[in-house]
Amino acid sequence: MKTIGRILAKYTGWVLHLLAPLGIWGVFAIAFADSALLGMPVDAIVAFYVYQDHKRLLFFVVMASLGSMVGSIPLYMIGYLGGEKVLRKRITEERFQQIHRSFEQHEFWALMFPGMLPPPMPFKIFVLGAAVFEMRFRDFLAAIFAGRFVRFLVLALLTLWFGPQIVGVMGTVFRQHFSWVLGAIAGALMVWLLMRRSRIRRKAPIR
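Residues numbered from 1 in each chain as written. Predicted model: local features only at pLDDT ≥ 70, side-chain atom pairs only at ≥ 80, totals over all residues. Heavy atoms only, no water.

Time to look at the pattern of salt bridges. Enumeration according to the criterion identifies six salt bridges in this entry. The residue R151 makes a salt bridge to D43 at a minimum N-O spacing of 2.8 Å. Of this pair, R151 sits in helix α9 (residues 137-162) while D43 sits in helix α3 (residues 42-52); the two residues are 108 residues apart in sequence, bridging distant segments of the chain. In this structure, R151 and D43 share a single accessibility class: buried. The residue R88 makes a salt bridge to E93 at a minimum N-O spacing of 2.4 Å. E93 gets classed as partly exposed once you look at its relative accessible area, which sits at 42%. (Salt bridge = Lys/Arg side-chain N within 4 Å of Asp/Glu carboxyl O. Helix = DSSP H or I, 4+ residues; strand = E, 2+ residues; numbered from the N terminus. Buried < 20%, exposed > 50% of the residue type's maximum accessible area, 1.4 Å probe, protein only.)

Written out as structure tokens, the structure reads:
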């Protein structure tokens, strides 16, 4: 694990060196590359930028969210043009049906919720699913931005409190206790949705 940590640290340092000429816009670039290409150390990069410049916290969160949103468009196009075959090649039939049902029930949350979570959540699979199941492009962009905004905002606030090393701690927790963390977040989200629906019903006019 220590060897892997050193490799990731060197890789992150190399990426930061490449982003240096872009200045504060490097956050957008790394988030775009992470969504459009192979996985990049986007969390570590965002945490570094936030820790170095606290005053621009919201700017970095918005830029990272926009980068992820725009970077997901090429993958959406691949899924849209390739159809179900593209998605079925990457997941099992059972997983395919699960994702299909989630998009049928509430497509916005089906995409936003995975977008809130860091790896090992296979977010690109849900991006492909959004295209395959014909999610409206406007809603697709909004769901990705919203999910990534929540993710990067939480990361930024934790970085202010605990320092950039929180990225490694979070990564370990998610990898070792992924199902527990996922269940806790899903439960909290369900409670929030029920409370929100209850408030809406109470405010609705009685006919």
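Moving on to the packing of aromatic side chains. Evaluation of the coordinates by the stated rule reveals 12 aromatic pairs. Within the aromatic cluster, the residues linked to one another by ring pairs are W25, F48, Y49, F59 and F60. One Lys or Arg, R88, reaches over the ring of F96 and ends 3.8 Å from the middle of that ring. (Phe/Tyr/Trp six-rings, centres within 6.5 Å; stacked < 30°, edge-to-face > 60°. Lys NZ or Arg CZ within 6 Å of the ring centre and 35° of its normal.)

Not every positive phi belongs to a glycine, and E134 is a case in point at roughly 60°. Tracing the backbone shows E134 in the loop between α8 (123-132) and α9.

The subject of this paragraph is the packing of helix α7 (residues 93-116) against α9. Between α7 and α9, whose axes approach to 7 Å, the crossing angle comes to 30°. Seen along the crossing, α7 lies across α9 with a hand that is right-handed. Residues E107, F108, L111, M112, P114, G115 and M116 of α7 form the contact with α9, whose own contacting residues are D139, F140, A142, A143, I144, A146, G147, R148, V150 and R151. Here the residues of the contact of α7 with α9 sort into 11 nonpolar, two polar and four charged. (Axes fitted to C-alpha atoms, helices over the stretch in contact; angles between N-to-C directions. Left-handed = near helix turned anticlockwise from the far one by under 90°. Contact = heavy atoms within 4.5 Å. Nonpolar A, V, L, I, M, F, W, Y, C, P; charged D, E, K, R; others polar.)

One finds L87, F103, L111 and F140 to be the most contacted residues of the largest nonpolar core, which totals 32 residues. If one sorts the elements of this core by residue count, α7 sits on top with nine residues. Setting aside anything within four residues of it in sequence, one finds F103 in contact with A110, L111, F126, G129, A130, F133 and M135. (Core = buried A, V, L, I, M, F, W, Y, C linked by side-chain atoms within 4.5 Å.)

Our next topic: the packing of helix α2 (residues 26-36) against α3. Where α2 meets α3, the axes come as close as 10 Å, and the angle between the chain directions of the two elements is 170°. Relative to α3, the element α2 is oriented roughly antiparallel. From α2, G26, V27, I30, A31 and D34 reach across to α3, where they touch V42, I45, V46 and Y49. Residues that form the contact of α2 with α3 fall into these classes: seven nonpolar, one polar and one charged. (Parallel < 35°, antiparallel > 145°, perpendicular 65-115°, else oblique.)

Let us now look at the side chain of D139. Along the chain, the position of D139 falls in helix α9. Its relative accessible area of 15% is what places D139 among the buried residues. Apart from the residues lying within four places of it in its own chain, the contact partners of D139 are E107 and F108.

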